[in-house]
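# Architecture and fold: a report
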Amino acid sequence: MMDNIIGLPYNKSPDSPVGEHNACSLVQQKTLSEPITCQGIGLHTGRQITMTLRPAEANAGINFLRSDIGADGFVPASWKNVTETKLATTISNESGHHITTIEHLMAGFAGCGIDNALIEIDGPEVPAMDGSAQPFVTMIESSGVLFQEAPRKAIVIKKPIKVGTKNSFISLMPASMFGVSFEIEFNNTALAKQSLEMKLVNGTFKDEIASARTFGFAHEVDAMQKVGLARGGSLKNAVVIQGDNVLNQEGLRYDNEFVRHKILDCVGDLYLAGAPIIGQVNAVRSGHALNHELLCTLFSRTDSWCFSQLSGAVVPGTGALSTDTH
Ligand SMILES: [Zn+2]
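Here we summarise the structure given alongside this text.

Rules used in this analysis
- Residues numbered from 1 in each chain as written.
- Predicted model: local features only at pLDDT ≥ 70, side-chain atom pairs only at ≥ 80, totals over all residues.
- Heavy atoms only, no water.
- Donors = N, O, S within 2.8 Å, 3.2 Å for Na, K, Ca; no water.
- Tetrahedral: all angles 85-135°; square planar, octahedral: opposite > 155°, others 65-115°.
- Helix = DSSP H or I, 4+ residues; strand = E, 2+ residues; numbered from the N terminus.
- Buried < 20%, exposed > 50% of the residue type's maximum accessible area, 1.4 Å probe, protein only.
- Salt bridge = Lys/Arg side-chain N within 4 Å of Asp/Glu carboxyl O.
- Pairing = 2+ DSSP bridges.
- Core = buried A, V, L, I, M, F, W, Y, C linked by side-chain atoms within 4.5 Å.
- Contact = heavy atoms within 4.5 Å.
- Axes fitted to C-alpha atoms, helices over the stretch in contact; angles between N-to-C directions.
- Phe/Tyr/Trp six-rings, centres within 6.5 Å; stacked < 30°, edge-to-face > 60°.
- Lys NZ or Arg CZ within 6 Å of the ring centre and 35° of its normal.

On the protein side, the zinc ion has His104 (NE2), His261 (NE2), Asp265 (OD) and Asp265 (OD) as donor atoms, found 2.0 to 2.7 Å from it. Classification of the site at the zinc ion as irregular follows from its 4 donor atoms and the range of 52 to 149° in their angles at the metal. In primary sequence terms, the donor set of the zinc ion follows H-x156-H-x3-D. Separated by 157 residues along the polypeptide, His104 in helix α2 (residues 103-112) and His261 in helix α6 (residues 257-270) bring together distant segments of the chain. Given a relative accessible area of 8%, His104 falls into the buried group.

Here's what the structure looks like:
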């Protein structure tokens, strides 16, 4: 029965996808079926980290627990707790305990439609794995997904909002489903200008975005490592560009892997809203800082959005599970 609800095709008028008049069944919240553990190196700290994704009860949301600290190391994955956005997204609690580089894992949860999970982690940084969200999607799929007796809520965008400057900005517009349009431009032959637009529904996250890796320039990596950053960075967990060439022997996973990864980051950062967003994102050269500013601005304008229970007509941000691809 659950499969039928989740797997319903998009079958409503684009103008009325959600709301109290929708006749379709409500979508239920989801969590993991079983705990699942991985180990890896933190991209910036270079530390060996063990991380366990655990099921959580309905309405709990996504929360981190620093197991090396104990109860004081509990940090909800919320835009309200973002304390640093320079190289990665970092969240902290009132005691000052933090977890950094959470965005690829958050993108995995968003992409798999997971509402509730507890992430036990024995250090301050999510393992980099291969630099993409694919390993986290694989973990979630390996655990399995449990449907919960609570309706899934979404944040519906009612009025356009925009943050940034003329050359670097991100905006949210009312739309019938979650979509992202992203453009990047670098003065470099390997990257140059890349743009991509897609609706993040019905399998597109897993198929088109999840495996796109993070990237950096060799000279920037050298400079960062000199000041103690990117200590765990290597060709195993990032695409590295030197001059106009990609140093990774295996090459790129997509011709436009870079813009795909920027969409991945954006999906992960925006999942700190605490619920999936029904709206269209338009971004030009945005990054973690602007993604965060967008959420701060959104939630400061109460007339720009509202909560709505999701019906079977629209399942945003999903795509890791076979039931979502019907
Ligand atoms: Zn990233």
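There is more to say, and it comes next.
One pass over the structure, following the stated rule, counts 10 salt bridges. Lys206 is paired through a salt bridge with Glu141; the nearest N and O atoms lie 3.0 Å apart. Taken together, the residues span a long stretch of sequence, with Lys206 in helix α4 (residues 204-209) and Glu141 in helix α3 (residues 134-143) at a distance of 65 residues. Residue Glu250 is joined to Arg213 by a salt bridge in which the shortest nitrogen-to-oxygen separation is 2.7 Å. With Glu250 in the loop between β18 (245-246) and α6 and Arg213 in the loop between α4 and β16 (215-217), the pair connects residues that are 37 residues apart, well separated along the chain. Here Arg213 falls in the buried class, since its relative accessible area comes to 3%. Through salt bridges with shared partners, a single ionic network connects Arg213, Glu250 and Glu257.

This brings us to the sheet that holds strand β6 (residues 82-84). Strand order across the open sheet formed by 3 strands is β6-β7-β8, with antiparallel pairing between neighbours. Only two strands of the sheet have a single partner each, and these edge strands are β6 and β8 (98-99). In terms of strand pairing, strand β7 (residues 90-92) meets β8 through 2 bridges, oriented antiparallel. Paired with Ile91 across the bridge in β8 is Ile99.

Counting residues in hydrophobic clusters, the biggest one holds 74 residues, and the most contacted among them are Leu53, Phe64 and Phe109. Broken down by element, the residue count for this core peaks at 7 residues, all from α6. Those residues in contact with Leu53 that lie beyond four places of it in its chain are Leu32, Glu34, Pro35, Ile36, Leu105, Phe109, Leu118, Ile119, Met139 and Ile140. Val27, Ala154, Val156 and Leu310 belong to the second largest nonpolar core, which has 5 residues in total.

Assignment of secondary structure puts His219 in helix α5 (residues 218-226). Residue His219 is classed as exposed on the basis of its relative accessible area, which comes to 56%. Separated by 23 residues in the primary sequence, His219 and Gln242 place their C-alpha atoms 7.4 Å from one another.

Here the focus is the sheet that holds strand β12 (residues 161-164). Two modes of strand pairing occur in sheets, parallel and antiparallel, and in both the strands are linked by backbone hydrogen bonds. The strand order across the open sheet formed by 5 strands is β12-β13-β20-β14-β15, and the pairing between neighbours is mixed. Each edge of the sheet is formed by a strand with only one pairing partner; in this case those strands are β12 and β15 (193-199). The mean inter-strand angle of the sheet, taken between neighbouring strand axes irrespective of direction, is 5°. Pairing of β12 with strand β13 (residues 169-173) involves 4 bridges; the strand directions are antiparallel. Paired with Ile161 across the bridge in β13 is Leu172. Packing against the sheet, α6 makes contact with β13, β14 (179-185), β15 and β20 (280-284), and its axis sits at approximately 130° to β14. Its contacts with the sheet put helix α7 (residues 288-300) on β12 and β13, and the angle it makes with β12 is roughly 140°.

Enumeration over the complete set of coordinates arrives at 6 aromatic pairs. Ring geometry for Trp305 against Phe307: centres 5.1 Å apart, planes inclined by 90°, an arrangement best described as edge-to-face. Given the relative accessible area of 15%, Trp305 is considered buried. Members of the aromatic cluster, connected to one another through ring pairs, are Trp79, Phe299, Trp305 and Phe307. Above the ring of Tyr254, the side-chain terminus of Arg260 is found at 3.9 Å from the ring centroid.

None of this, on its own, says anything about what the molecule does.
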